[in-house]
Amino acid sequence: MSSGVTRQRTEQCFRVATGLDPHLNLEEAQRWARVINEKLRASTTQRNGIMYSEVRRPCRVLLLLNPHSGKGQALSLFTGHVQHMLQEAGVPHSLVVTERQNHARELVREADLSEWDALVIMSGDGLLFEVINGLMDREDWEEAIQTPLGILPGGSGNALAASIHHYAGSQPVASEELLVSCGFLLCKGLVARLDLTSVCLGSGGPQQQRLFSFLSLAWGFVADVDIESEKYRHVGAARFTVGTLVRLASLRVYQGKLAYLPAESAESPGPSPTSPSSSPPEVPSPQTHATSPHGFCSSLVCRSSQRSPGQNVTNTFHNYCNSNNAFKAKRGDLAPASTPRGPPDSLLVPLDQPVPSDWTVVPEEDFVLVLAMYQSHLAEDLHAAPNSTMEDGLIHLFYIKAGISRATLLRLFLAMEKGAHLATNCPHLVYAKVRALRLEPYSAKGTITVDGELVDYGPVQAQIHGGLARLIAS
Ligand SMILES: Nc1ncnc2c1ncn2[C@@H]1O[C@H](COP(=O)(O)OP(=O)(O)OP(=O)(O)O)[C@@H](O)[C@H]1O
């Protein structure tokens, strides 16, 4: 890519992330960050009829970095692109380099969260999955999950980072440009609500497992590609293309039963126990949230009129955290990880019972793939759920019926790069907006992924919980 194009795109990221004029002769991210810092110190801005204070960037960030994510360059990407930006923008951060799988999960499960205003991960989506489940493992999960989360893309998929960038109205960018864009969003510090899906695995009883997912649930082709392509991670995002081509060559059919609760026939699961009703006064009302097409939550974004003159916005956020009693758990208060936590799944019945009568049972039992998405992107260059918006409270369910040719399937994946696969009107592709689903594979062995991570194989059901978590995004 020419440096002119790179610069153009980077300027565009800058414009979207900051709302500032990019024609400022900004040569380096450090200088941009200085401008952000000055501009954001006192300004307010009106967007979609809502007044936001733009100085709402987080302070005291705990940054968890997986050194092996992506091509294994996360640490140098962080020091090369983001560290100075955070320093210039006055965002103090402590960097923890994860040492093993589940390290991040254990850390956040046991952390004194009163020490941190945001948890940011620099990795692929897998590390955020760990962090979210670590927060949901806690006895104080209801408050802990309100800790603002941030993502800096360092993996090979970077689906959430790509989705955030897309929700911000930006043109698609990849790798380091996406990182710079997410770095700006982090400096800016606006917080939105993030839907989480509760995923129940196993047919019930003591073996039953419950996970919280922010991105996707996959079975069949997509899950196989995701796991099989891990050996190609040295090629970065291209691993999915390589994996897709390899799996196309050995295309197979997966048998099972799929059922779902259509969104239109389901009442919205309603506000979660952590929703604004339990929030302190400076948090806007649910109606205020609804007016924002992007579902922005202004929990960190105080209306300027509500702030007393001279009051430091950082303090306001800090007070908010404390007044909400959100960050009090100490190591001794923690529950064992196996204790089920989280809001009740009001739309699900036990897996050993038939689905309720208002569910749709898919007549086909032969599939090429089943994919449930709750963000727009499955990877940086896979715009798999083009209708998905931030905090829409929906699972975007796709399945492809058996009988599709290899060529048509390849065409669908190529169209997915631009989110155009639905427009192909492929008769084998079915799309539904749902609030809950159940999948019962028939074969004894197979692959199911949640947020790209391998989970126990077997019957699975899931329900979306709108706005359960919080995410630094704009
Ligand atoms: N130091 C470490 N050594 C080995 N594994 C780690 C380490 N730190 C984290 N992990 C694990 O690596 C797994 C993959 O991490 P992650 O998804 O963030 O990166 P990635 O797989 O490169 O990204 P992507 O999902 O975008 O391809 C996670 O399950 C995480 O637990």
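See the structure printed just above.
Let us look at the structure shown here. (Residues numbered from 1 in each chain as written. Predicted model: local features only at pLDDT ≥ 70, side-chain atom pairs only at ≥ 80, totals over all residues.)

Let us look at helix α7 (residues 159-167). α7 sits mainly inside the fold: 9 of its 9 residues count as buried. Residues of α7 that are buried include every one of A159, L160, A161, A162, S163, I164, H165, H166 and Y167, and no others. Here the buried face of α7 lies against α5 (125-137), β6 (149-153) and α8 (175-188). Note on α7: the residue one or two positions beyond its end, G169, has a positive phi of about 85°. (Buried ≥ 20, exposed ≤ 12 C-beta atoms within 10 Å, placed from the backbone. Helix = DSSP H or I, 4+ residues; strand = E, 2+ residues; numbered from the N terminus. Contact = placed C-beta atoms within 7 Å.)

To continue, consider the pairing of strand β10 (residues 254-262). Looking down a regular strand, the side chains alternate between one sheet face and the other. Bridge count between β10 and strand β12 (residues 366-373): 2 bridges; the pairing is antiparallel. Opposite Q255, over in β12, you have D366 as the bridge partner. When β10 meets strand β14 (residues 429-441), the two strands line up antiparallel, connected through 7 bridges. From the neighbouring strand, A259 faces β14, where its bridge partner is R438. Relative to strand β11 (residues 360-361), β10 runs antiparallel, the two sharing 2 bridges. In the sheet register, Y260 faces β11, and the bridge partner there is T360. (Pairing = 2+ DSSP bridges.)

Here the focus is the site of the ligand. Neighbouring residues of the ligand: 24 residues in total, closest S123, G124, G126, G155 and G157. The element best represented in the shell around the ligand is α5, accounting for 4 residues. Its residues assigned to classes, the shell around the ligand comprises 2 nonpolar, 16 polar and 6 charged. (Near = placed C-beta within 6 Å. Nonpolar A, V, L, I, M, F, W, Y, C, P; charged D, E, K, R; others polar.)

With that settled, the discussion passes to the packing of helix α4 (residues 103-110) against α5. For the pair α4 and α5, interaxial distance at closest approach is 7 Å and the crossing angle is 30°. Considering the angle they form, α4 stands roughly parallel to α5. For the element pair α4 and α5, the recorded crossing hand is right-handed. Residues A104, R105, E106, V108 and R109 of α4 pack against L127, E130, V131, N133, G134, L135 and D137 of α5. (Axes fitted to C-alpha atoms, helices over the stretch in contact; angles between N-to-C directions. Parallel < 35°, antiparallel > 145°, perpendicular 65-115°, else oblique. Left-handed = near helix turned anticlockwise from the far one by under 90°.)

What follows is about the nonpolar core. Core analysis: the largest hydrophobic core is formed by 116 residues, its most contacted members being L128, V131 and I132. The element that contributes the greatest number of residues to this core is α8, accounting for 8 residues. The contacts of I132, once residues within four sequence positions are left out, are L196, F212, F214 and A469. (Core = buried A, V, L, I, M, F, W, Y, C linked by C-beta atoms within 7 Å.)

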